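Secondary and tertiary structure notes
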Amino acid sequence: MDSRMVFVLLWMLLSSTSTGIKLDGNGYVDVVIAISSKVPQDNRLVDKIKEMVTEGSFYLYDALNQKVYFREATILVPPHWNGTNFTKARTESFGMANIRIDNANPAYGVEPYTNQYGECGAEGEFINFTPEYLLNDTFIQLYGSNGRVFVHEWAHLRWGVYDEFNGQKPFYHSNGRIEATRCSKNIGGQFYEVTAGKSLQQCHIDLETSLPTKGCMFFPNRNQITNSSIMFLPGLDPVTAFCREDEHNYEAPNMQNKKCGKATWTVIFEDSVDKYILRSLKPLQSRPPPPSFKVVQRKQRVVCLILDVSGSMRGSRILQLQQAATHFLRNIIEDQASVGIVQFSTMASTLRNLTTIDSDTTRENLIKLLPKVADGSTNMCLGLSQGLQILREDNGDALGDEIIFLTDGQATDRIADCVPSAIQSGTIIHTLAFGNSAARELMEMANKTRGKFLSSNDETTSNQLMDAFASLTLSTGDYTNEPVQLESIGARTSNWFNGTVSVDQTVGNKTSFVIIYELSLPSIYIQSPSGLIYTQTKMSHDGSLKTVFLKVPGTAEHGDWKFSIQTTTNQAFTITVTSQAAQADVPPITVKTHMNQQFSDGTKPMIVFAEVRQDYRPVINAEAWATLDSGTGSPQTLQLLDNGAGADAIKDDGIYSRYFIKMVNGRSSLKVRVNNQDGHTRFAVLYVPGCVLNVQLNPPKPPVSDEPLEVVNFTRTATGESFEVKLSGTAPPNFPPNRITDLSAEIQEDTVLLNWTAPGEDLDQGTAKSYEIRWSFDLKMLRFNFSNGYSVNTTAVTPQKAGSVEQHSFNLNITIQNGTTLFFAVQTEDKQNAKSETSNFAQASKILPAPITSEISNPDINLTVLVISLCVVFMLMCFIFAVVIRAVKCRKRSAQSDMALIITD
């Protein structure tokens, strides 16, 4: 098989899925459900998880035309849980789990949710359930059965679809009608406000919006004529299907329409990671069996460093290896973990068998054993075999243990021959590629064992190898016990190298400064926020490693720490600062970064993500910069944005994103630096107020916190997995402007006001050439025939720089009647005349101010029809009254005539 074919197969492997889940035939396997180590032991949780997945399996089977179900799932319990029926975990870990059971997110409370921030059709990160939600059956009345809610969240996670409700915009106008934001429109129900006394009353109209007031809610009828949709209301008994094209409500102002502009069913079968398999699968002939479950547990970490000491590692590379491995052993690997060290070149040898880290002395003794000499060829298979042998010494197998495998070159042996056995060992393998010539199988090995793949170049100011080792943590869900990298920066100078590191209130314990110099020992000064100065007399210096180390005693002061490094020799410096949580019950602010693809051939744009949060609370209004370094040219820097436009899915969710368009061939590393200005949280909800069957009110939704997260200045750096680019040519691909997803419209008198975020010349960067704006009375026509919509004159509209707020007002040269709803869309064109996809469809209605005492009692109310109906009713009542009066008069005259006849007689 030629190298091109191998590369294509590797691309298919790495781009197919990021979650580890597989669709094997009709059944999903490798579904990992992990319980956080912060959760106290309660064996009922395991049973509840099994019940939820089992019910969800049959619900999913019915919802997707009997095509798929959950075949296998693994439940990972915390290290501190006691039990004899837990088997040893293999590659499962909390940080890589698809479904997590963890303490409540303050903004969601007990509500399940999916951490989802990719493009439409892209897989989410994880589903989060709380123990309270699973253990308390009363929540079933609020949200629906656990299995149904699980499938709702699964659709977010696996297929990248979005919610069809909208907690911020629960109602909208549609040609004079007030509609609830839902899918499908066939879901019937009524509008009510819940009073302080928990009774129901008719909703009122807001005078400014002519929509129901804030307290108004949509109560769906319990019995429905439709069975869709799961992304709107899975808790409603008749709902058993996803919305298809023939039922999808394209008018509803929800995230599904904003991000996808398609029916949920269409996204699943045309855009999701499973699209090809789902289209080819035939329905099962009979109902599937219940899922099978494994319950596993991971105890203390067991890690073996397998280090390349071949001849090509001589000089600066072997020194960088020592410096980075020293940092890992001294500051990163946790107490009570077991560590072994293996070196390999022509042969492989054990430098240290598994040793438990029980003191600083043990750490320093391990550091002394790190290799210092490089010579010989590169026999990777011998190194792997020796490392696996070390891992098996404690209990006979390597299941769930970790390998950190570092090498800088192509193997002299056939590494492909030993990769399968390493993968089958059940070991998590992190691979570090030093330089661009390291074997491509390293990426495959990391991917298939749920390890990390990281690359590093020889640039002495990049600090890449230090960052790579610092990122090799294995989370259990308790971030208070994990190291946090506050700063990692380098520079070349012959004078002063100065900087500031902010130690915020969430960190401070085990704070360390590591300064590495290139040639000669400089003068170093580190000043605390209170003015205390640490000089070299209070630091440790290792001349052989060219490293100066300061461990701040106790808990480091909160505030800005300043460092100054002075040299008279032109040389490179790097400084790395790490810390841990200041308090056991306050998790630190963390940053997680990654690319949406680990490999790209240039046909699909790459996206950089950085998630900034404190436990599950997102931090917004921070400044995030990504550095992407291929090692073959100048590193590229890119500011990441949390503005809900371009590559960013949702505004102010603490996830900062940007397209990466300046691709170059080869491997690249990813590093993100974040500093803070302000931060707080904001979320929507998945809560059903009740169902209408003689109007039954559900219990109130559990309270959640909407208070902002107050954060003082902080700095963080994070390293993401490396990625590889293989372009057909040498120039980076050209992309059209990104699709606008936040277009909004408003009608004021007969003037239309449009707002959106400017896309760029290339996706979300640069400045586009022009806009094309069209509108229609008919949404369907505009969707399928954008060019047939009525055109808006945009000659006076000059696109602004990407990310800017665009506003455009205009008259349609028609009289807009009261109750009229209009639809608008935009396409953007760049200087090469390439056009973006059509934007989301914004709608606006002209509604005259409502009467002061207006009430509504029907979700299908039409404001114009209401007036006519009242007139008709009034006229009818007048007619009936007239008929009755006439009949009474006639009867009275008849009675008088009869009386006259009697008198005459």
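Quantities reported herein were computed from a predicted structural model and do not represent experimental measurements.

Let's shift gears to the overall build of the protein chain. The secondary structure content of the protein chain amounts to 16 helices and 50 strands. The 905 residues of the protein chain split such that 55% are buried. The contacts in the protein chain between residues at least 6 apart in sequence include a share of 76% that link residues at least 24 apart. Summing over all exposed atoms, the protein chain offers an accessible surface of approximately 37700 Å²; the carbon and sulfur share of this is 52%.

It is worth spelling out the state of the cysteines at this point. Tallied over the full model, the rule gives 4 disulfides. Covalently, C381 is tied to C418 through a disulfide, its sulfur atoms 2.1 Å apart. Where C381 bonds to C418 through sulfur, the torsion about that S-S bond is close to -85 degrees, and the disulfide is left-handed. In this pair, C381 sits in helix α11 (residues 380-391) while C418 sits in the loop between β20 (402-407) and α12 (419-424), placing the two residues 37 residues apart along the sequence. When its relative accessible area of 11% is taken as the criterion, C418 is described as buried. Within the protein chain, bonded cysteines paired by disulfides and numbered along the sequence follow the pattern 1-6, 2-5, 3-4, 7-8.

This part covers the packing of helix α9 (residues 316-332) against helix α10 (residues 360-368). Running from amino to carboxyl end, α9 crosses α10 at an angle of 170 degrees, the nearest separation of the two axes being 9 Å. In terms of orientation, α9 lies roughly antiparallel with respect to α10. Contacts from T326, L329 and R330 in α9 reach R363, E364, L366 and I367 in α10. Of the residues contributing to the contact of α9 with α10, the split by class is 3 nonpolar, 1 polar and 3 charged.

Another aspect to go through is the pattern of salt bridges. Taken as a whole and judged by the stated rule, the model has 39 salt bridges. Residue D24 pairs with R71 through a salt bridge whose shortest N-O separation is 3.3 Å. Of the two residues, D24 sits in strand β1 (residues 22-24) while R71 sits in the loop between β4 (69-70) and β5 (72-77), which places them 47 residues apart along the sequence. Classification of D24 by relative accessible area gives partly exposed; the value is 44%. Here D335 and K510 are joined by a salt bridge, their closest N and O atoms 3.9 Å apart.

The next thing to look at is the packing of aromatic side chains. Two aromatic rings, taken as a pair, are described by how far apart their centres are and by the angle between their planes. Enumeration over the complete set of coordinates arrives at 28 aromatic pairs. Look at F70 and F150: their rings are 5.2 Å apart centre to centre, the planes differ by 40 degrees, and that puts the pair in the tilted class. Placement of F70 in strand β4 and of F150 in helix α5 (residues 146-159) is noted, with a sequence separation of 80 residues between them. Both residues of the pair, F70 and F150, belong to the buried class. For the ring pair F810 and F824, a centre distance of 6.2 Å and an interplane angle of 70 degrees mean the geometry is edge-to-face. Of this pair, F810 sits in strand β47 (residues 805-811) while F824 sits in strand β48 (residues 821-829); the two residues are 14 residues apart in sequence, bridging distant segments of the chain. F810 gets classed as buried once you look at its relative accessible area, which sits at 9%. Ring pairing ties together the aromatic residues Y28, F70, F129, Y133, F139, Y143, F150 and W154, which thus form one cluster. R774 extends its terminal NZ or CZ atom over the ring of F786, reaching a point 6.0 Å from the ring centre.

One open sheet holds the 4 strands; their spatial order is β46-β45-β48-β49, and the pairing between them is antiparallel. Every interior strand has two partners, whereas the edge strands, β46 (790-792) and β49 (842-845), have only one. On average, each strand axis in the sheet is tilted by 30 degrees relative to the strand beside it, whichever way the strands run. Direction of pairing for strand β45 (residues 770-776) relative to β46: antiparallel, over a ladder of 3 bridges. Each bridged residue has a counterpart across the sheet, and for W775 the counterpart in β46 is Y790.

Next up on the list: a nonpolar patch on the surface. There is a patch of nonpolar side chains on the surface, built from W496, Y525 and I533 and spanning about 280 Å² of accessible area. Tracing the chain through its elements places W496 in strand β24 (residues 496-503).

With that settled, consider the environment of P605. One can find P605 in the loop between β33 (599-600) and β34 (606-614). The spatial distance from the C-alpha of P605 to the C-alpha of Y659 is 6.7 Å, given a sequence separation of 54 residues. Excluding its chain neighbours within four sequence positions, the residues that come into contact with P605 are N596, Q597, Y659, M663, F735 and L763.

We now examine the sheet that holds strand β15 (residues 216-220). In any sheet, the strands associate via hydrogen bonds between backbone groups, in a parallel or an antiparallel arrangement. Spatially, the 3 strands line up as an open sheet ordered β13-β12-β15, and their pairing is antiparallel. With one partner strand each, in any of the chains shown, β13 (200-201) and β15 form the two edges of the open sheet.

By the definition in use, this model includes 3 cavities of 30 Å³ or more. Of the pockets and cavities examined, the largest cavity occupies roughly 100 Å³. Looking at the largest cavity, the residues that line it are I35, S37, L76, V77, P78, P79, S93, F94, R298, L474, S475 and T476. The residue inventory of the lining of the largest cavity, partitioned by class, reads 7 nonpolar, 4 polar and 1 charged.

With 12 residues, α11 extends 17 Å from end C-alpha to end C-alpha; this agrees with the ideal 16 Å at 1.5 Å per step. For α11, a buried count of 9 out of 12 residues is recorded, marking the element as mostly surrounded by other parts of the structure. Three or more residues of α11 are buried, namely M380, C381, G383, L384, Q386, G387, L388, I390 and L391. In this fold, the buried residues of α11 make contact with β17 (302-308), β18 (338-344), β19 (348-356), β20, α12 and α13 (441-448).

The subject of this paragraph is the nonpolar core. Among the nonpolar cores identified, the biggest contains 69 residues, and Y28, W159 and F242 are the most heavily contacted of them. With 8 residues, helix α2 (residues 44-63) is the single largest residue contributor to this core.

Further remarks concern the side chain of R613. Within the secondary structure layout, R613 lies in strand β34. Among the polar contacts listed, one links the side chain of R613 to the side chain of E611, at a separation of 3.4 Å.

Glancing now at the environment of D271. With respect to the helices and strands, the residue D271 is situated in the loop between α7 (264-270) and α8 (275-280). We classify D271 as partly exposed; its relative accessible area is 27%. Separated by 149 residues in the primary sequence, D271 and A122 place their C-alpha atoms 8.1 Å from one another. Every residue in contact with D271, bar those within four places of it in the chain, is listed here: G121, K262 and T266.

Side-chain positions along a regular strand alternate between the two faces of the sheet. In the sheet, β5 pairs with strand β16 (residues 292-297) via 6 bridges, with the strands oriented parallel. Pairing of V77 across the sheet is with Q297, part of β16.

Of the residues in the protein chain, 88% have a pLDDT of 70 or more, and the chain-wide mean is 88. In this model, residues 1-18 is a region of pLDDT below 50 whose contacts with residues beyond four sequence positions or in other chains number 23 contacts. Taken as a whole, residues 890-905 scores under 50 in pLDDT and shows 0 contacts with residues more than four places along the chain or in a different chain.

In a regular helix each residue adds 1.5 Å, so 20 residues correspond to 28 Å; α2 covers 28 Å between its end C-alpha atoms and thus fits that length. Burial in α2 covers these residues: L45, V46, K48, I49, M52, V53, G56, S57, Y59, L60, Y61 and A63. Just downstream of α2, N65 is the residue with a positive phi angle, here 55 degrees.

Time to look at the side chain of K259. You can see K259 is positioned in helix α6 (residues 255-260). No salt bridge is formed by the buried K259. Its closest oppositely charged neighbour is D648, at 7.5 Å. A polar contact is formed between the side chain of K259 and the backbone oxygen of A649, at a distance of 3.5 Å.

Definitions and limits used
- Residues numbered from 1 in each chain as written.
- Predicted model: local features only at pLDDT ≥ 70, side-chain atom pairs only at ≥ 80, totals over all residues.
- Heavy atoms only, no water.
- Helix = DSSP H or I, 4+ residues; strand = E, 2+ residues; numbered from the N terminus.
- Buried < 20%, exposed > 50% of the residue type's maximum accessible area, 1.4 Å probe, protein only.
- Contact = heavy atoms within 4.5 Å.
- Areas by Shrake-Rupley, 256 points an atom, 1.4 Å probe, with all protein chains shown as cover.
- Disulfide = S-S within 2.5 Å.
- Axes fitted to C-alpha atoms, helices over the stretch in contact; angles between N-to-C directions.
- Parallel < 35°, antiparallel > 145°, perpendicular 65-115°, else oblique.
- Nonpolar A, V, L, I, M, F, W, Y, C, P; charged D, E, K, R; others polar.
- Salt bridge = Lys/Arg side-chain N within 4 Å of Asp/Glu carboxyl O.
- Phe/Tyr/Trp six-rings, centres within 6.5 Å; stacked < 30°, edge-to-face > 60°.
- Lys NZ or Arg CZ within 6 Å of the ring centre and 35° of its normal.
- Pairing = 2+ DSSP bridges.
- Patch = residues over 30% accessible without salt bridge, like charges linked within 9 Å, V, L, I, M, F, W, Y side chains within 5 Å.
- 1 Å grid on protein atoms, 1.4 Å probe; cavity = no way out; pocket = protein on both sides within 12 Å on 5 of 7 lines; lining within 4 Å.
- Points joined across faces, edges and corners; volume = space filled by probe spheres on them.
- Expected span 1.5 Å × (residues − 1).
- Core = buried A, V, L, I, M, F, W, Y, C linked by side-chain atoms within 4.5 Å.
- Polar contact = N/O pair within 3.5 Å; in protein donor to acceptor, adjacent residues only side chain to side chain.
- pLDDT = per-residue confidence, 0-100.
- Lys, Arg positive; Asp, Glu negative; His and termini not counted.

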